[in-house]
Amino acid sequence: MPTSQKVSFAGSTGALLAGILDIPDGPVRGWGLFSHGLTLGKDSPAASRICKALAEQGVGMLRFDNLGLGDSAGDWSDGSFSVKVADTIKAAEFLRSQDKPASLLIGHSFGGAAVLATARELPEVAAIATVAAPFQPRHVEHMFDAEVDTILSTGSAEVDLGGRRREVRRHFVEDVEQADLRDCIRTLHRPLMVLHSPTDNTVGIDNASEIFQTARHPRSFVSLEGAEHLLTGKGQAARVARIIGAWAEQYLKG
């Protein structure tokens, strides 16, 4: 059975970020890095189940809590999409410092947008997979669209995100509105797999279509029939891991 090891590293803001290395029991085919959704964290079902299942296939994985989430220090409201991208780069640098360079980037939901923005900054990455990812970071505004004007005019507002009240500040909204992933996707120059459920009610399937159409070959699309956005249903995350593990085999560097 794979083992899980707690690790930590300094993020882009200087805050200490908490992570878990899911380490295969046996030969390591390669290492990967997982980026979680907006407020989900490293221990969310999608993150933990996908990473553990990949470790069972011989792919070591790092998953970590973004700023102010889970076991990481800092205030979530100080973060932004740009901070998430910068912290993903810091996580990859940590793996590199441990002689475990990431061959594979996986991003779920908002984390999928982050890995698309991050990949070209990481020459060691050989393949990227997105799961239920938005085409543009500003898609996240639909979760609090009634408060966007208030946030922009007053500087912040408390909003409901995933059942918890969190402060969203002006810089977060301005940051996602300015971010544009089209050039990042077009110039990946790495294999891309886009996985998405046609019945995803949080991030619609049209996002997957736009990512796929913008990307250049080699690119793949997998329809996750029956899955919901958070992949909490029985076997959903494990299925994603099996698909990614098989596809990524030719790109992994042990």
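See above for the structure.
None of these values were measured; they are calculated from a predicted model.

**Some remarks on the packing of helix H2 (residues 81-97) against helix H3 (residues 110-118)**
Then, in step 1: Where H2 meets H3, the axes come as close as 9 Å, and the angle between the chain directions of the two elements is 65 degrees. Here the hand of the crossing between H2 and H3 comes out right-handed. The residues of H3 that touch H2, namely those facing Phe81, Lys84, Val85, Thr88 and Ile89, are Phe110, Gly111, Ala113, Ala114, Ala117 and Thr118.
Then, in step 2: Along the lines of polarity and charge, the residues of the contact of H2 with H3 split into seven nonpolar, three polar and one charged.

**Points about the environment of leucine 17**
Then, in step 1: Tracing the chain through its elements places leucine 17 in strand S2 (residues 16-23).
Then, in step 2: Each C-alpha atom, one on leucine 17 and one on glycine 68, is 8.5 Å from the other, the two residues being 51 residues apart in sequence.
Then, in step 3: Each residue touching leucine 17, except ones within four places of it in the same chain, is listed here: Val7, Ser8, Phe9, Gly11, Phe64, Asp65, Asn66, Leu67, Ser72 and Asp87.

**Remarks on H3**
Then, in step 1: The buried fraction of H3 amounts to nine of the nine residues, a majority that puts the element mostly inside the structure.
Then, in step 2: Within the sequence span of H3, burial applies to Phe110, Gly111, Gly112, Ala113, Ala114, Val115, Leu116, Ala117 and Thr118.

**Regarding the environment of glutamate 147**
Then, in step 1: Looking at where glutamate 147 falls in the secondary structure, it is placed in the loop between strand S6 (127-131) and helix H4 (148-154).
Then, in step 2: For glutamate 147, a relative accessible area of 26% gives the class partly exposed.
Then, in step 3: Placed 10 residues apart in sequence, glutamate 147 and alanine 157 show a C-alpha to C-alpha distance of 6.9 Å.
Then, in step 4: The contact partners of glutamate 147, leaving out residues within four places of it in the chain, are Ala157 and Val159.

Rules of the game
- Residues numbered from 1 in each chain as written.
- Predicted model: local features only at pLDDT ≥ 70, side-chain atom pairs only at ≥ 80, totals over all residues.
- Heavy atoms only, no water.
- Axes fitted to C-alpha atoms, helices over the stretch in contact; angles between N-to-C directions.
- Helix = DSSP H or I, 4+ residues; strand = E, 2+ residues; numbered from the N terminus.
- Left-handed = near helix turned anticlockwise from the far one by under 90°.
- Contact = heavy atoms within 4.5 Å.
- Nonpolar A, V, L, I, M, F, W, Y, C, P; charged D, E, K, R; others polar.
- Buried < 20%, exposed > 50% of the residue type's maximum accessible area, 1.4 Å probe, protein only.

Scope: geometric values only; no functional claims are made or implied.
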